[in-house]
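# Structural features, examined
Chain residues, written in single-letter form:
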There are 2 protein chains.
Amino acid sequence: MSQHRHPGAPGRAGAVPALPDLPEATVARLPEYLRALHNLAETGNETISSEGLANAAGVNSAKLRKDLSHLGSYGTRGVGYDVTLLIEQIEYVLGLTQRRAVALVGVGNLGHALAGYDGFAGRGFRIAALLDADPARVGEEINGLVVQHVEELPRVAAEESIAIGVIATPAAAAQRVADQLVAVGVTSILNFAPCVLSVPDGVDVRKVDLAIELQILSFHEHRKASLTALPAAGGSALTALPGGLAVTESQEAIGT
Amino acid sequence: MSQHRHPGAPGRAGAVPALPDLPEATVARLPEYLRALHNLAETGNETISSEGLANAAGVNSAKLRKDLSHLGSYGTRGVGYDVTLLIEQIEYVLGLTQRRAVALVGVGNLGHALAGYDGFAGRGFRIAALLDADPARVGEEINGLVVQHVEELPRVAAEESIAIGVIATPAAAAQRVADQLVAVGVTSILNFAPCVLSVPDGVDVRKVDLAIELQILSFHEHRKASLTALPAAGGSALTALPGGLAVTESQEAIGT
DNA sequence: AGGCGCTTGTGAACACGTGCACAAATCGCG
DNA sequence: CGCGATTTGTGCACGTGTTCACAAGCGCCT
């Protein structure tokens, strides 16, 4: 039914949607656009200009247009983009038209938080299973799901057709878990453990390391401190100990 | 005091360290190298070749050498890098020689996990304060810290000389918190809320959005599925409405 | 109907990041 | 003491991503 109405099918004649292989940088921004679009839709906007959407997503408008053009975009010159249509477009490309099942391995500190994070359900994902290697944690109920032993993974994967695995274990256990996930057919892994995973070709791994993010910020702090210290030429010792420069430019922030 | 002994001071004559402004991509990898180096140090390695370290960090060895060369690196040809020295170098550049104080705002689901995350303490950071806008949460003790009301931020910032703010609030509150952080002199923010923050120039914001990571993975899943589906040339309708294609190609992953 | 203003889509220049391949440097050994 | 094995540091070519600037297209207003 109504292939033409469905967001997925590009306007072209061809039958096969054949995802254009988007630049990786573009893919990484699409979710951001999607979130901004959902906000706009909720506030009653029917169309949005590239400029407006770019602002909402925090990017350059030319970049946004180029990104959207990659997916054969459906903007109208002089008007902008149809918000609903664009949402459907992007959700199709990102493969969010089906709700993907996620298995979360490692129900420790972070795992608990992830299990309870409502941002997943709202954005196309369903946590289908919680797993842990620690028998003491098996049986615990979190957010309506019961923690199962990680050895149950093959059965769970078969039942739920798991698409994505999330690793929230300590670093020492992560590689082993990754191997187990791969063994049951998972081809996408989100790794929160601070370590490098080796996986076969065809398996995608994305890594999130909270400490790394902080360290990057630390670098910029360090750099800013060394720069502001230079003109004064005063103390290199001070560079290491920024007491409280503070408030001066805070007003600038408010102008939204 | 002891500028010369400090790892930071490059061997050159000059007094001012004057951080070379590294390529952003390099900065983002340095923490990874640092982690790998700490592992190596623990397992008793005194030196490491670029090849070895590159493997441990999951990057190309040429890239690693170029990265290290940017910070005026201290490798020895024919031998490799002195692990301890390199650790000191990188820690200096990243500004980790001083332990930076972090204020965490938003002690909900995720905030709890972050507050308890031991990866911070081990890597140069100290959570100096927990803050929340919800009076019901104020007073709660997490990991030895008592949650304070977010209005206490100015006092806390003055006492602890907060360098970095972490926002783990709902999206609706994030901009307001960011403004407050900026107002007390914080110039680096790690934002977990799914929204764009606007901050004045000179303030760095890094964003971590768990759902976005999953959506990127989802795209690749979708793409992989559409590729394996193509040879079959079966149904475009099916591609657009993937009712339950699922598992078919799962075996492919196993071939290491 | 026609013109005008606005917005998209994109060609082209530019900046940035990556990877190869090799010369220069260092160590260990005979 | 000199030679060969090894490994760093880097010049260069390439690919990717970003930004500008503008022609083409669309709707609205007169």
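Residues numbered from 1 in each chain as written. Chains lettered and ligands numbered in written order. Predicted model: local features only at pLDDT ≥ 70, side-chain atom pairs only at ≥ 80, totals over all residues. Heavy atoms only, no water.

### Structural notes on the protein's contact with DNA strand D
In plain terms, the rule: One heavy atom suffices: a residue is near a molecule or strand as soon as one of its heavy atoms comes within 4 Å of it. Definition of a polar contact: a pair of N or O atoms within 3.5 Å, with one able to donate and the other able to accept a hydrogen when the atoms are protein atoms, and with sequence-neighbouring residues admitted only if both atoms are side-chain atoms. A run of H or I in DSSP becomes a helix once it reaches four residues, and a run of E becomes a strand once it reaches two; helices and strands are each numbered from the N terminus.
Near DNA strand D there are 26 residues, and of these Arg29(A), Arg77(A), Ser50(B), Arg65(B) and Tyr81(B) occur at the shortest range. Each atom of DNA strand D within 4 Å of the protein was classed as base or backbone; sugar and phosphate made up 64%. Residue Ala25(A) places a main-chain N or O atom 3.5 Å away from a phosphate oxygen belonging to DNA strand D. With respect to DNA strand D, the side chain of Lys63(A) contributes an N or O atom lying 3.4 Å from a phosphate oxygen. Where the surface near DNA strand D is concerned, the elements lending two or more residues are α1 (24–42) and α3 (61–70) of chain A together with α3 (61–70), β2 (75–76) and β3 (80–82) of chain B.

### Topic: the packing of helix α2 (residues 50–57) of chain A against α3(A)
Residues and elements named next belong to chain A. Keep this limit in mind: Orientation is described by lines fitted to C-alpha atoms, with helices fitted over the stretch in contact, and by angles between N-to-C directions that extend from 0 to 180 degrees. Working rule for angles: under 35 degrees goes down as roughly parallel, over 145 as roughly antiparallel, 65 to 115 as roughly perpendicular, anything else as oblique. Here a residue-residue contact requires only that any non-hydrogen atoms of the pair lie within 4.5 Å. Here the term charged refers only to Asp, Glu, Lys and Arg, the term nonpolar to Ala, Val, Leu, Ile, Met, Phe, Trp, Tyr, Cys and Pro, and the term polar to all other amino acids, Gly among them.
At a minimum axis distance of 8 Å, the contact between α2 and α3 shows a crossing angle of 105 degrees. Between α2 and α3, the angle is such that the two are roughly perpendicular. Touching Ser50, Glu51, Leu53 and Ala54 of α2 are Ser61, Leu64 and Arg65, all from α3. When grouped by side-chain class, the residues that make up the contact of α2 with α3 number 3 nonpolar, 2 polar and 2 charged.

### Thoughts on the sheet that holds β2(B)
All names here are of chain B. Note the cut-off: When DSSP finds two or more bridges between a pair of strands, those strands are recorded as paired.
With respect to topology, 3 strands assemble into an open sheet ordered β1-β3-β2, the strand pairing being antiparallel. Strand pairing shows two members of the sheet lacking a second neighbour, β1 (47–48) and β2, which therefore form its edges. Seen against the sheet, helix α4 (residues 83–93) touches β1 and β3 and runs at an angle of roughly 70 degrees to β3.

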